[in-house]
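Remarks on the overall topology
Chain residues, written in single-letter form:
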Amino acid sequence: MCLIAIGGGFAFSLTQTGKDVQELLPQLPELVQAGFNAKQDPNLLFTEVGTVDGHVNVLLVGRDRNWKIGKVFDPTVKKYRSYQVEDKDTRPRSDTMIIASFDKNSNKVRLISIPRDTRIRYRDFDGRRHSACKLNSLYAQPEGDKLLVKVMGDELGVRIDRVAEIKLDGFTKLIDRVGGLDINVEGALFSGKRKRMKYEDKWGGWKVDLEPGMQHLDGEQAHGYVRFRYDNEGDPGRVRRQQQVMKALVKKMMGVGYGQMPGLIIELQKLFNSDMSNEEMVAAAMFARSLNNSASVTPLTPYGIYAPDGGDIILNRPENEKLFTAIFGGSFDPHKFLELSPETKRDDIGSRNNNNPSALPVLREAGLVEKKTPKEAQIEAPGLQ
């Protein structure tokens, strides 16, 4: 969305002064050209990617950080002390996995959040079969970004066309750049009741302390809100909160003035690491911006249950096959879905998380609208109470 502003009317912000504009000036000609090309060809995203089925699927990966104890120089005592530092020698697990599907035929963008705790079996690049593990653990392996894309295709049946890595610490700064977000905090679920959401991850370097109810969140508060999963819902509740904050952030960014654009673009560039070209990013942004209303951007969650033997999530085969077909069309192969991985015909998660007005058209198309919303107590994650 920020890139669209460059292509369509960035001249206004050039009248502003400050380091944001100066930092962005060297990139301006390339971005303006990308904006012009995307404006001339509404289907540029699909032709650039080379899709033939009208879908472009972008995997958004929220990358966490690993930490270790290292030696840091303390100038107050002029010696090295043991301190928590980022471990840059080992790959982190993926903290968030969202597939954004741009659909040229229906003129919609649909987002499905894949739970990090999804239990998966898979074959590696050499064809070796691996035992069950959590999906997010794949990212920590050598060439984990490529392995995750492969397993998404092999075991979820979804073709991934592009990948965008999101740095979660940059997420905080981006929200502060837009002035924070108004969020109806739902609270933590304990024994069927919504209560205070309080948790501090000293090792991970984030915390949250929020009461239920409508309130204005700054970047740090929103960061803690979307990472919290230490109640009876676990990861599915966190997925729902991520979708809630994403929609609020998109709405806020749509209303920013041109004077704020340089700083926002700089934060976005720091936030994302993607294999998408400038033309593809601008074309994707223009496609999203051209949609008629917010209902055209639909966040969804797969159907499934918590495994009775632990905190892993087992996906529902029949309902997810319908849902994935409605979302991904010809870019989804139902014959590959859960080919090696565990499956269930039950659901405690998807029917509740997808119980929102924007999801109804997709569920109706998939033939899933008859599903009733389970009671909150039914989706409590085992072992978290």
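Values in this document were obtained by computation on a predicted structure and should not be read as measured data.

1. What about the overall build of the protein chain?
- Tallying secondary structure elements over the protein chain gives 13 helices and 18 strands in all.
- In the protein chain, the share of contacts with a sequence separation of at least 24, taken over all contacts with a separation of at least 6, comes to 71%.
- Counting only carbon and sulfur atoms, one obtains 50% of the accessible surface of the protein chain, whose full area is about 18,200 Å².

2. Side note on the packing of helix α7 (residues 219–227) against helix α8 (residues 235–254)
- In the contact formed by α7 and α8, the axes pass within 7 Å of each other and the chain directions differ by 145°. Contacts between α7 and α8 involve Tyr 225, Val 226 and Arg 227 on the former and, on the latter, Arg 238, Arg 241, Gln 242, Gln 244 and Val 245.
- By residue class, the composition of the contact of α7 with α8 is 3 nonpolar, 2 polar and 3 charged.

3. Details of the pattern of salt bridges
- Applying the stated rule across the entire model yields 24 salt bridges.
- Residue Arg 128 is joined to Asp 124 by a salt bridge in which the shortest nitrogen-to-oxygen separation is 3.2 Å.
- Its relative accessible area of 10% is what places Asp 124 among the buried residues.
- The shortest N-O distance in the salt bridge between Glu 233 and Arg 194 comes to 3.0 Å. Of the two residues, Glu 233 sits in the loop between α7 and α8 while Arg 194 sits in strand β11 (residues 193–195), which places them 39 residues apart along the sequence.
- One continuous salt-bridge network, built from bridges that share partners, spans Arg 116, Asp 117, Arg 119, Lys 134, Arg 229, Asp 309 and Asp 312.

4. Some thoughts on the sheet that holds strand β5 (residues 108–113)
- With respect to topology, 6 strands assemble into an open sheet ordered β15-β8-β1-β4-β5-β16, the strand pairing being mixed. In this open sheet, the two edge strands, each paired with only one partner strand, are β15 (272–274) and β16 (297–300). Each neighbouring strand pair of the sheet contributes to a mean axis angle of 20°, computed without reference to strand direction.
- When strand β8 (residues 162–167) meets β15, the two strands line up antiparallel, connected through 3 bridges. Bridge pairing links Ala 164 to Ser 274 in β15.
- Sitting on the sheet, helix α6 (residues 168–177) touches β1 (55–63), β4 (94–103) and β8, and the angle it makes with β8 is about 75°.
- Against the sheet, helix α10 (residues 278–289) contacts β4, β5 and β8, and its axis sits at roughly 70° relative to β4.

5. Quick word on the nonpolar core
- Within the largest apolar cluster, 46 residues are counted, with the highest numbers of intra-cluster contacts made by Leu 45, Phe 102, Leu 181, Ile 183, Tyr 225, Val 245 and Leu 249.
- In contact with Leu 45, not counting residues within four places along its chain, are Val 56, Phe 102, Met 276, Glu 280, Ala 283 and Ala 284.
- Listed in part, the 39 residues of the second largest apolar core include Leu 138, Tyr 139, Ile 313 and Ile 349.

6. Some words on the packing of aromatic side chains
- According to the stated counting rule, one finds 9 aromatic pairs in the structure shown.
- Taking the centre distance of 5.7 Å and the plane angle of 45° together, the rings of Tyr 199 and Trp 206 count as tilted.
- Residue class for Trp 206 comes out buried when judged on its relative accessible area of 7%.
- For the pair Phe 324 and Phe 332, a centre-to-centre distance of 5.6 Å together with 65° between the ring planes defines the contact as edge-to-face.
- For Phe 324, a relative accessible area of 0% puts it in the buried group.
- Members of the aromatic cluster, each reached through a chain of ring pairs, are Tyr 199, Trp 206, Phe 228 and Tyr 230.
- Here Arg 241 stacks its cationic end above the ring of Tyr 225, 6.0 Å away from the centre of that ring.

Calculation notes
Residues numbered from 1 in each chain as written. Predicted model: local features only at pLDDT ≥ 70, side-chain atom pairs only at ≥ 80, totals over all residues. Heavy atoms only, no water. Helix = DSSP H or I, 4+ residues; strand = E, 2+ residues; numbered from the N terminus. Contact = heavy atoms within 4.5 Å. Areas by Shrake-Rupley, 256 points an atom, 1.4 Å probe, with all protein chains shown as cover. Axes fitted to C-alpha atoms, helices over the stretch in contact; angles between N-to-C directions. Nonpolar A, V, L, I, M, F, W, Y, C, P; charged D, E, K, R; others polar. Salt bridge = Lys/Arg side-chain N within 4 Å of Asp/Glu carboxyl O. Buried < 20%, exposed > 50% of the residue type's maximum accessible area, 1.4 Å probe, protein only. Pairing = 2+ DSSP bridges. Core = buried A, V, L, I, M, F, W, Y, C linked by side-chain atoms within 4.5 Å. Phe/Tyr/Trp six-rings, centres within 6.5 Å; stacked < 30°, edge-to-face > 60°. Lys NZ or Arg CZ within 6 Å of the ring centre and 35° of its normal.

Note that every value here comes from positions in space, so none of it alone points to a role or purpose.
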